[in-house]
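The chain contents come next:
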Amino acid sequence: MDTRRIFSKSLFVASALALGLAGCGAMKPSNTVRLSAQLAGANEVPAVASPGTGTAEAWLNKDTNLLTWKVSFSGLTGPATAAHFHGPAVAGSNAGVVVPFSGTTSPLEGQATLTPAQAADLLAGKWYANVHTATNKGGEIRGQMVPSSGGASRY
């Protein structure tokens, strides 16, 4: 076997090995958790009779505590006047605003860096998304944020 042929085979094997190892790093599990909630008037405390519905999706990077979200809603009794995450509170109880959303028109998208304590409360299911209207100043639709399966990373 000549030197060129041995070199070519060695180069091919080394390249394949390098690509294989690089692929293993890319297959590392994501450290991003997906959370979601279904927003409805019945989830408010006290419950509200509202035709409004909505969904909240969020992605928390556990390495950086960067939270990214998208909240969509429709059918409210009037225009939204405010919307935000509240916590810490379990379903059936109320809490103060933790992270306000920019704007009041669906869909609402944004991001914020959480403190370690905020991230722990969110992952423990102690945050809820809430959309307010003039008719329902305390909140018209609400949903408890809980970790969900499928599509962990959006970003």
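First, a word on scope: everything that follows refers to the structure included in this document. Small disclaimer: the values here were computed from a predicted structure and weren't measured.

What follows covers the environment of Leu108. By the element assignment, Leu108 lies in strand E6 (residues 108-113). When its relative accessible area of 2% is taken as the criterion, Leu108 is described as buried. Residues Leu108 and His84, spaced 24 residues apart in sequence, show a C-alpha to C-alpha distance of 9.7 Å. Beyond its immediate sequence surroundings of up to four residues, Leu108 is in contact with Trp69, Lys70, Val71, Phe73, Ala83, Phe101, Ser102 and Gly103.

According to the stated counting rule, one finds four aromatic pairs in the structure shown. Between Trp69 and Phe85 the ring centres are 5.6 Å apart and the planes differ by 85 degrees, which places this aromatic pair in the edge-to-face class. Residue Trp69 is found in strand E3 (residues 66-74), and its partner Phe85 is found in strand E4 (residues 80-86); the two are separated by 16 residues along the sequence. Across the pair, exposure class does not vary: Trp69 and Phe85 are buried alike. Ring geometry for Trp69 versus Phe101: centroids 5.3 Å apart, planes at 35 degrees, classification tilted. One end of the pair, Trp69, is in strand E3; the other, Phe101, is in the loop between strand E5 (97-100) and E6, with 32 residues separating them in the sequence. Taken individually, Trp69 and Phe101 each receive the classification buried, so the pair is uniform in this respect. Pairwise contacts between aromatic rings join Trp69, Phe85, Phe101 and Trp127 into one cluster. Cation over ring: Arg142 sits above Tyr128, and NZ or CZ is 3.4 Å from the ring centre.

Conventions and cut-offs
Residues numbered from 1 in each chain as written. Predicted model: local features only at pLDDT ≥ 70, side-chain atom pairs only at ≥ 80, totals over all residues. Heavy atoms only, no water. Helix = DSSP H or I, 4+ residues; strand = E, 2+ residues; numbered from the N terminus. Buried < 20%, exposed > 50% of the residue type's maximum accessible area, 1.4 Å probe, protein only. Contact = heavy atoms within 4.5 Å. Phe/Tyr/Trp six-rings, centres within 6.5 Å; stacked < 30°, edge-to-face > 60°. Lys NZ or Arg CZ within 6 Å of the ring centre and 35° of its normal.

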